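# Structural characterization, general
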Amino acid sequence: MKYSERIDYPQTAAQLLPVFSNPAFFEAKYAASGAHDIRVLETEHGNGRFRIKVSRKVPTDVPIPSFARSLVPQDITLIQTDSWDLERGVGSLDIEFVGIPVRVHCELLLKDVAGKAVEDLHFDIKVNVPLIGGKLEKLLADDLKVKFAKDTAVTLGMLPGYV
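Residues numbered from 1 in each chain as written. Predicted model: local features only at pLDDT ≥ 70, side-chain atom pairs only at ≥ 80, totals over all residues. Heavy atoms only, no water.

## Some words on the side chain of Gln11
- With respect to the helices and strands, the residue Gln11 is situated in the loop between β1 (2-8) and α1 (13-19).
- Discounting residues that sit within four places of it in the chain, Gln11 has contacts with Leu16, Lys116, Ala117, Leu159 and Val163. (Helix = DSSP H or I, 4+ residues; strand = E, 2+ residues; numbered from the N terminus. Contact = heavy atoms within 4.5 Å.)

Have a look at this one:
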């Protein structure tokens, strides 16, 4: 399942990219978003590139129908890898749902429009479960949209302390 989102920021891309390549920002943002057991697994920073891999547990924010309860636990462990080409403002994020046959890939583009940054996100959700995979993709897309809105609000609230 594919879908897109857009975030409008009051800062410029040049102001945001140092924040989006700061491991402390990721840890604080995830904690403020309600995640727990947050662990930075890997970071790489150099040659105009940044990559961070973080594990965290998050509550499922949408009601789980009976057909999917055995496949979707109350708390989901996510392993998320964010990567940025800091010179071009192009990135990606990949989310692995531990113990659930789900993958999320998102292409990111951060650019300035009229002196403010705009981030375009293009998500692709894959659920590898025969017969009910499409229903699970829709369910998880709805959950991801809830988390995305929360993440965006937390990010926008935290940015003044990091820019």
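## Brief notes about helix α2 (residues 23-32)
- Looking only at α2, the buried set comprises Phe25, Phe26, Lys29 and Tyr30. In a view along the axis of α2, the buried residues occupy a sector of 125°, so they form one face of it.
- At the N-terminal boundary of α2, the capping side chain belongs to Asn22, with an oxygen 2.9 Å from the backbone nitrogen of Ala24. (Buried < 20%, exposed > 50% of the residue type's maximum accessible area, 1.4 Å probe, protein only. Arc of directions from axis to C-beta. Polar contact = N/O pair within 3.5 Å; in protein donor to acceptor, adjacent residues only side chain to side chain.)

## Examining the environment of Ala114
- Here Ala114 shows up in the loop between β6 (102-113) and β7 (116-127).
- For Ala114, a relative accessible area of 79% translates into the label exposed.
- Each C-alpha atom of the pair Ala114 and Thr12 lies 9.5 Å from the other, and the pair is 102 residues apart in sequence.

## Examining the packing of aromatic side chains
- Counted according to the given criterion, the structure contains nine aromatic pairs.
- Ring geometry for Phe123 and Phe148: centres 6.0 Å apart, planes at 85°, overall edge-to-face. Pair noted here: Phe123 is in strand β7 and Phe148 is in helix α3 (residues 133-158), with a separation of 25 residues, a long-range link. Phe148 shares its class with Phe123; the two are buried.
- The structure contains a cluster of three or more aromatic residues connected by ring pairs, namely Tyr9, Phe20, Phe25, Phe26, Tyr30, Phe50, Trp84 and Tyr162. (Phe/Tyr/Trp six-rings, centres within 6.5 Å; stacked < 30°, edge-to-face > 60°.)

## Observations regarding the pairing of strand β3 (residues 49-59)
- Pairing of strand β2 (residues 36-46) with β3, which is carried by eight bridges, proceeds in the antiparallel orientation. Across the sheet, residue Arg39 finds its bridge partner in β3, namely Ser55.
- In this antiparallel pair of consecutive strands, β2 and β3, the connection spans two residues, and Asn47 shows a positive phi of 55°. (Pairing = 2+ DSSP bridges.)

## Overview of the pattern of salt bridges
- A full pass over the atoms with the stated rule returns 11 salt bridges.
- Salt-bridge contacts for Asp124 lead to Lys2; the nearest nitrogen and oxygen are separated by 3.6 Å. Here Asp124 is found in strand β7, whereas its partner Lys2 is found in strand β1, with 122 residues between them in sequence.
- For Asp124, a relative accessible area of 18% translates into the label buried.
- Residue Lys2 is classed as exposed on the basis of its relative accessible area, which comes to 66%.
- Salt bridges sharing common partners tie together Lys2, Asp124 and Lys126. (Salt bridge = Lys/Arg side-chain N within 4 Å of Asp/Glu carboxyl O.)

## Let's talk about the sheet that holds β3
- Ordered by their spatial adjacency, seven strands build an open sheet running β1-β7-β6-β5-β4-β3-β2, and the pairing between neighbours is antiparallel. The open sheet is flanked by β1 and β2, the only strands paired with a single partner. Across this sheet, the average inter-strand angle for adjacent strands is 15°, counted without regard to direction.
- Note that β3 and strand β4 (residues 75-85) share 11 bridges and pair antiparallel. Within β4, the residue paired with Ser55 across the bridge is Ile79. (Axes fitted to C-alpha atoms, helices over the stretch in contact; angles between N-to-C directions.)

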